[in-house]
Structure formats: C-alpha cells, structure tokens
Amino acid sequence: MEVCRPIPVVTAHKRVKALGLLLSIPLLLALSLLLGPSGIGFPDTATVSGQAILSLRLGRFFMGLLAGAALSASGTVFQAILRNPLAEPYVLGVSGGAGLGAALSILVGGTLFGAVGLPVAAFLFAILTLLAVYGIASQGGGAPSVYSLILSGVIVSAICSSFIMFLVSTADIAGMHTVVWWMLGNLQPASAESLLVSLLFIAPAIGALWLLAPALNVLTLGREMAHYQGLDAGLVTMSSLLLATLLAATAVSMGGMIGFVGLVVPHVMRALFGPDHRWLVPASAIGGGAFLVLCDAIARSLMPPVEIPVGVVTALCGGPFFLVILRRKMANAWIS
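Residues numbered from 1 in each chain as written. Predicted model: local features only at pLDDT ≥ 70, side-chain atom pairs only at ≥ 80, totals over all residues. Heavy atoms only, no water.

As for the overall build of the protein chain
Then, in step 1: Counting its regular elements, the protein chain contains 13 helices and zero strands.
Then, in step 2: Counting only residues that meet the buried cut, the protein chain has 48% of its 336 residues in that class.
Then, in step 3: Entry remark: accessible area of the protein chain is about 16,500 Å², with carbon and sulfur atoms responsible for 73%. (Helix = DSSP H or I, 4+ residues; strand = E, 2+ residues; numbered from the N terminus. Buried < 20%, exposed > 50% of the residue type's maximum accessible area, 1.4 Å probe, protein only. Areas by Shrake-Rupley, 256 points an atom, 1.4 Å probe, with all protein chains shown as cover.)

Shown next, in the form of structure tokens:
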C-alpha cells in the first residue's frame, strides 16, 4: 500500500504566502477604486462623471498591475543573471534606453503604427542600450564584471536622459507636456487597446521566464557550475536578458520612467519565498503589480486635489532601499 507523504513545511508555508499575495489583489482593487484626487469614496455610477471616474480608476489599476509585474519580473531576472542585488532595469540603463525610444516615438508620431508602435520603439532602443552597456563594460577584454556593468549602465542611462532632455527642450508645448508628464510616471492608459497590447507583450514574456526558472536557478550558481550541469549558459543568459528587456521596455512605454520597482520587490519576494525562481518569478510579478498599484493609490490621494506622479512615490521608497543594499555590499568588500 502506497504511503501518503506529507507536504514539506517549507512548501506549505510558501503556498500560504502565495495565497495571501493573491488575496491582496482584490483588496488593492477596492482601495484603488476608493482613493483619488477627488476624495475618498466609490464613484457614483448613476452619473456620467462618476462612470468616467470609475473607468479611469479601473484603467489605472490594470495598468499598475501590468507595469509593476513587468518591472519586478525584469529586475528578478537581471539580479539572477548578474548575481548582484543592485541590478535592475533602471540601474543598468535599460529603462533609460527604453525611455529614449518611447520619447522619440511620442514626439515623431509613433502612434502612426497604432498601440504597438510605442512598446516596439522602446524595446529596440532598450536592446541597443543593453548592447552599449555590455560593450563599454567589456573594453578591458574578457567577460565584464558585475560592477563594471552597473557603472556602464549608470553612464549610458545618464546619456539617454540627456538626449531625452534635448528632445523635450526642442519640442512644442504639447509635446513637451506629454513627454515630461510621462517621464514622471503616469499610469493612465491611453486606451483599452494599449492595455491589451501591453498584456500581449507582458504575459507571454513572464510565462517564458517562468519556464526558464530551473535554468536560472542553476545559472545563479555560476557559469562553471552551469556548464557541469549541461546547461547552455550563453543561450539561457541571452534569452533571459531579451525577455527581461522586453518587459522593462513595455513597462516604460506604458507608464514612463518608474524606477526602483524592479529593485525593491524582488528583494522582498526573495525574503518571503526564497531564491527558487520557480516561486520567485511569479511572486515578483504579482508583488510588483500590487506594489505599483498601492504606490499609485497613495500618489493620487496624498495631496488632493494635486496628483503626485507615481514615479516620485516609487523613488522615495526605492532610493533609501538601494542605499541600504549598497552599504551592505560595500561593508563586505570593496567595489572593484
């Protein structure tokens, strides 16, 4: 007779935590519908204005879920591949490149290609930025170090920001207002079509990263160990980087330059669920969406009737978090 084996305690704890994370989504939906610059309360759907407010808040909720999931999953992958807790799309310059592509698309009429034009332009420029960062970090020959990649990413991101500022300064009033407001972080979707297109980019990419999770687990042990395990480290690294870059670029094209989501959430999820990417990738995606929805609700209701850009709130949360991690890394060893 077959003996039933009990579920390991660690797995049971993870399932309880995962259930709690999933239950936070409907609670955040209610919070998102209740909070806004017009005050606290559910919109009166009996009026036209109330219906419009409800539609806007629903759109922002789904936009926050998608953008937050994309940024957090992307940051999880960058941290796994580079084996460094400081890695995330914003720090490595990928978000800056995507922002430059999206800004160009906005100003030169990327809407001619429909809702697909913006994320495609952001993705192409993000790829070019990633290649530039890797090329600069590899100037000394051989595989670049993690810190040279981060330093190169900061430099390239600053260059991209300079180009964006140049575009803003030469644009007309309407274009300047659109780009500046988008850069600060704006989760208001342009249309239902743009939400659908973003979902078609983000969902398959996160699904593919989840399928690559066992390979990412091996890759975090180092390339030599991956080689002994029979893993094609180069193929896994390139595939994961492309998927993570696609996620970051899509998120930037949706909501603008929203930093630190890909840094903060993966660390919190790793503390809750451990380093196994089979749990970490979906947990980071859900947690990132929840975190960005919460930040957006705070940004809308903190100083009514003034609405703070959501990127400001995420930066205020993520900046000190980044400094804490950096201090811990520097306490262990000099950065070289």
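Quick look at the nonpolar core
Then, in step 1: One finds Phe78, Ile206 and Leu247 to be the most contacted residues of the largest nonpolar core, which totals 79 residues.
Then, in step 2: In terms of residues, this core owes the most to one element, helix α10 (residues 233-255), which gives twelve residues.
Then, in step 3: When sequence neighbours within four positions are dropped, the list of residues in contact with Phe78 reads Arg83, Ala87, Glu88, Pro89, Leu92, Val94, Leu130, Leu241, Ala244 and Thr245.
Then, in step 4: Counting residues in hydrophobic clusters, the runner-up holds five residues, among them Leu28, Phe61, Ala290 and Val293. (Core = buried A, V, L, I, M, F, W, Y, C linked by side-chain atoms within 4.5 Å. Contact = heavy atoms within 4.5 Å.)

A short note on the side chain of Arg300
Then, in step 1: Assignment of secondary structure puts Arg300 in helix α12 (residues 277-301).
Then, in step 2: The class for Arg300 is buried, based on a relative accessible area of 2%.
Then, in step 3: At 2.9 Å, the side chain of Arg300 and the side chain of Ser32 are in polar contact. (Polar contact = N/O pair within 3.5 Å; in protein donor to acceptor, adjacent residues only side chain to side chain.)

Some words on a nonpolar patch on the surface
Then, in step 1: On the surface, Ile173, Met176, Val180, Trp181 and Leu184 cluster together into a nonpolar patch covering about 420 Å² of accessible area.
Then, in step 2: With respect to the helices, strands and loops of the structure, Ile173 is situated in helix α6 (residues 173-183).
Then, in step 3: The class for Ile173 is exposed, based on a relative accessible area of 64%. (Patch = residues over 30% accessible without salt bridge, like charges linked within 9 Å, V, L, I, M, F, W, Y side chains within 5 Å. Salt bridge = Lys/Arg side-chain N within 4 Å of Asp/Glu carboxyl O.)

Topic: the confidence of the model for the protein chain
A low pLDDT means the predicted coordinates there should not be read in detail.
Then, in step 1: Of the residues in the protein chain, 89% reach a pLDDT of 70 or more, and the chain-wide mean stands at 82.
Then, in step 2: When the elements of the protein chain are averaged for pLDDT, helix α9 (residues 223-228) gives the smallest value, 72, and α12 the largest, 91.
Then, in step 3: Overall, residues 1-8 carries pLDDT values under 50, and its contacts beyond four positions in sequence, including any with other chains, amount to two contacts. (pLDDT = per-residue confidence, 0-100.)

Some points on the packing of aromatic side chains
Then, in step 1: In the structure shown here, the tally under the stated rule is three aromatic pairs.
Then, in step 2: Aromatic side chains Phe61 and Phe62 sit 5.2 Å apart centroid to centroid with 70° between the ring planes, which places their arrangement in the edge-to-face category. (Phe/Tyr/Trp six-rings, centres within 6.5 Å; stacked < 30°, edge-to-face > 60°.)

Some thoughts on unusual backbone geometry
Then, in step 1: One non-glycine residue, Phe260, adopts positive backbone phi at about 75°.
Then, in step 2: Its place among the elements puts Phe260 in the loop between α10 and α11 (261-273).
Then, in step 3: Given a relative accessible area of 15%, Phe260 falls into the buried group.

A few points about the pattern of salt bridges
Then, in step 1: One pass over the structure, following the stated rule, counts four salt bridges.
Then, in step 2: A salt bridge links Arg60 to Glu307, with the nearest nitrogen and oxygen atoms 2.5 Å apart. With Arg60 in helix α2 (residues 48-82) and Glu307 in the loop between α12 and α13 (310-332), this residue pair connects regions lying 247 residues apart in the sequence.
Then, in step 3: Exposure remark for Arg60: the relative accessible area of 8% places this residue in the buried category.
Then, in step 4: Take Glu307: its relative accessible area is 22%, and that puts it in the partly exposed class.
Then, in step 5: What you see here is one network of salt bridges that share partners, running through Arg60, Asp296, Arg300 and Glu307.

Considering α12
Then, in step 1: With 25 residues, α12 extends 35 Å between its outermost C-alpha atoms, agreeing within 8% with the 36 Å of an ideal straight helix rising 1.5 Å per residue.
Then, in step 2: Taking burial as the measure, the 25 residues of α12 include 18 buried ones, the bulk of the element. (Expected span 1.5 Å × (residues − 1).)

Brief notes about α2
Then, in step 1: An ideal rise of 1.5 Å per residue puts 51 Å on 35 residues; α2 measures up with 51 Å between its terminal C-alpha atoms.
Then, in step 2: Of all the 35 residues making up α2, 25 are buried; the element is thus mostly covered by neighbouring parts of the structure.
Then, in step 3: Among the residues trailing α2, Arg83 stands out with phi positive, at a value near 55°.

Structural notes on the packing of helix α7 (residues 192-211) against α10
Then, in step 1: Put simply, α7 and α10 touch, their axes get as near as 10 Å, and they point 150° apart. Taken together, the axes of α7 and α10 lie roughly antiparallel to each other. Two packed elements cross with a definite hand, and for α7 against α10 that hand is left-handed. Facing α7, whose interface residues are Ser198, Phe201, Ile202, Ala205, Ile206, Ala208 and Leu209, α10 presents Ser240, Leu243, Leu246, Leu247, Thr250 and Met254.
Then, in step 2: Looking at side-chain class alone, the contact of α7 with α10 contains ten nonpolar, three polar and no charged residues. (Axes fitted to C-alpha atoms, helices over the stretch in contact; angles between N-to-C directions. Parallel < 35°, antiparallel > 145°, perpendicular 65-115°, else oblique. Left-handed = near helix turned anticlockwise from the far one by under 90°. Nonpolar A, V, L, I, M, F, W, Y, C, P; charged D, E, K, R; others polar.)

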